[in-house]
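So you can see what is in the structure, the chains are spelled out below.
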Amino acid sequence: MINYDLTKIKALFFDVDGVLSAETIFLHPDGEPMRSVDIKDGYALQLAVKCGLHVAIITGGKTEAVRKRYEGLGIKDVCLGAAIKTKEYQELLTKYDLKPEEVLYMGDDIPDYEVMQLVGLPCCPADAAPEIKAISKYISHCKGGYGCGRDVIEQVLKAQGKWMAGQAAFGW
């Protein structure tokens, strides 16, 4: 259970590799990295968007398949090639007039360290790097690529009374 006032959360920002996809990347014969994704993470992400939360992807990867996947779930802010994630983070804060305490960020490794120190609710998967676990306010019981996104999103939406609630969840 996340020990934070989840009713304050207005935005959910996620890294991809090691968070929304597992640590292993398969290489396509043409050299393109291929990732696996968790279907339940995908459901929760699109539901969070439908419920009015600002959802963003901030990843150092540059694979267009990642953009297509997350834009297909309704996520408008898919930041690829983010070498210094604090830049995209600050741009998103300004774009949506957010305060740091209104943002949950889930990362798993050293490139996420700086941005995780800026957000109100830094979270990580169970298999995150020790340095990331040390600064996280919540460590999911799920590994990256195996439902950790769903874990945090479900907790936020339940706290806000939006989980299993009407049209967003059931389409009516």
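Notes on the structure in this doc start here. Please read all numbers here as calculations on a predicted model, not as lab measurements. (Residues numbered from 1 in each chain as written. Predicted model: local features only at pLDDT ≥ 70, side-chain atom pairs only at ≥ 80, totals over all residues. Heavy atoms only, no water.)

Bringing the sheet that holds strand β1 (residues 11-14) into the picture now. Strand order in the open sheet formed by 6 strands is β5-β4-β1-β6-β7-β8, with parallel pairing between adjacent strands. The open sheet has two edge strands, β5 (77-79) and β8 (138-139), and neither has a second partner. Here β1 pairs with strand β6 (residues 103-106) via 4 bridges, running parallel. Along β6, the bridge assignment pairs Ala 11 with Val 103. (Pairing = 2+ DSSP bridges. Helix = DSSP H or I, 4+ residues; strand = E, 2+ residues; numbered from the N terminus.)

Moving on, we get to helix α3 (residues 85-96). Counting along an α-helix, one turn takes 3.6 residues, and residues three or four places apart therefore face a common direction. With 12 residues, α3 ought to run about 16 Å at 1.5 Å a step, and its terminal C-alpha atoms sit 17 Å apart, in line with that. Listing the buried residues of α3 in full gives Lys 85, Thr 86, Glu 88, Tyr 89, Leu 92 and Leu 93. For α3, the angular spread of the buried residues around the axis is 160°, confining them to a single face. Facing away from the buried side of α3 by over 90 degrees, the exposed positions are Thr 94 and Lys 95. Along its buried surface, α3 packs onto β1, β4 (54-58), β5, β6 and α4 (113-116). Phi turns positive, to about 55°, at Asp 97, one or two residues after α3. (Expected span 1.5 Å × (residues − 1). Buried < 20%, exposed > 50% of the residue type's maximum accessible area, 1.4 Å probe, protein only. Arc of directions from axis to C-beta. Contact = heavy atoms within 4.5 Å.)

Throughout the structure, instances matching the rule amount to 9 salt bridges. Lys 10 serves as the salt-bridge partner of Glu 102, at 3.1 Å between the closest nitrogen and oxygen. Of this pair, Glu 102 sits in the loop between α3 and β6 while Lys 10 is found in the segment before β1, placing the two residues 92 residues apart along the sequence. Under the relative-accessibility criterion, Glu 102 is labelled buried at 7%. Residue class for Lys 10 comes out partly exposed when judged on its relative accessible area of 43%. Residue Arg 150 is joined to Glu 154 by a salt bridge in which the shortest nitrogen-to-oxygen separation is 3.0 Å. With a gap of 4 residues between them, Arg 150 and Glu 154 both fall in helix α6 (residues 148-159), about one helical turn apart. Glu 154 matches Arg 150 in its accessibility class, with the two residues each being buried. (Salt bridge = Lys/Arg side-chain N within 4 Å of Asp/Glu carboxyl O.)

All right, on to the pairing of β4 then. Buried residues dominate β4, accounting for 4 of its 5 residues. For β1 and β4, the ladder comprises 4 bridges, and the chain directions are parallel. Note that in β4 the partner of Phe 14 across the bridge is Ile 57. Bridge count between β4 and β5: 3 bridges; the pairing is parallel. Residue Ala 56 lies in a different strand from β5, and its bridge partner there is Asp 77. Note that the unit made of β4, helix α2 (residues 64-72) and β5 has a crossover that is right-handed. (Right-handed = clockwise from strand over helix to strand, strands pointing away.)

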